[in-house]
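Architecture and fold: a report
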Amino acid sequence: LHDGGGERSLADAIVEASFDAMFLSDEKGVVTYVNETAVAATGFTKAELVGQNVSALIGDPRHARLHDFYMKRYLRTGESKIIGKTREGQKLLAKRKDGTVFPAE
């Protein structure tokens, strides 16, 4: 999110001030950025999250195990069956540092 010049961009400020937890990951699912709301929601520090696979934050163990497969399929086909979608009647579950699971949207 940074412009590379050492100054915070407007986008950085907006993301950091958001009331929503925000996570950015690369094409391999490795977390590259989290905002303070994400830190507060999960109990992890930024240093603990950045560089980790996002699957560590997925509350449903089945989806956590399959996350890398989902990402590879999406990158190969461009078709999303799970990534970026909400499922009718199902909540997206996230996992905190202490192992508790909570609904995340």
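Please read all numbers here as calculations on a predicted model, not as lab measurements. (Residues numbered from 1 in each chain as written. Predicted model: local features only at pLDDT ≥ 70, side-chain atom pairs only at ≥ 80, totals over all residues. Heavy atoms only, no water.)

Focus on the pattern of salt bridges
One pass over the structure, following the stated rule, counts three salt bridges. Across the salt bridge formed by Lys46 and Glu36, the nearest N and O atoms sit 3.5 Å from each other. With Lys46 in helix α3 (residues 46–49) and Glu36 in helix α2 (residues 36–42), this pair connects stretches of sequence that are 10 residues apart. Using a relative accessible area of 43% as the deciding quantity, one classes Glu36 as partly exposed. Between Glu48 and Lys97 there is a salt bridge, with its nearest N and O atoms 2.7 Å apart. With Glu48 in helix α3 and Lys97 in the loop between β3 (92–95) and β4 (101–104), the pair connects residues that are 49 residues apart, well separated along the chain. With a relative accessible area of 31%, Glu48 lands in the partly exposed category. We classify Lys97 as partly exposed; its relative accessible area is 45%. (Salt bridge = Lys/Arg side-chain N within 4 Å of Asp/Glu carboxyl O. Helix = DSSP H or I, 4+ residues; strand = E, 2+ residues; numbered from the N terminus. Buried < 20%, exposed > 50% of the residue type's maximum accessible area, 1.4 Å probe, protein only.)

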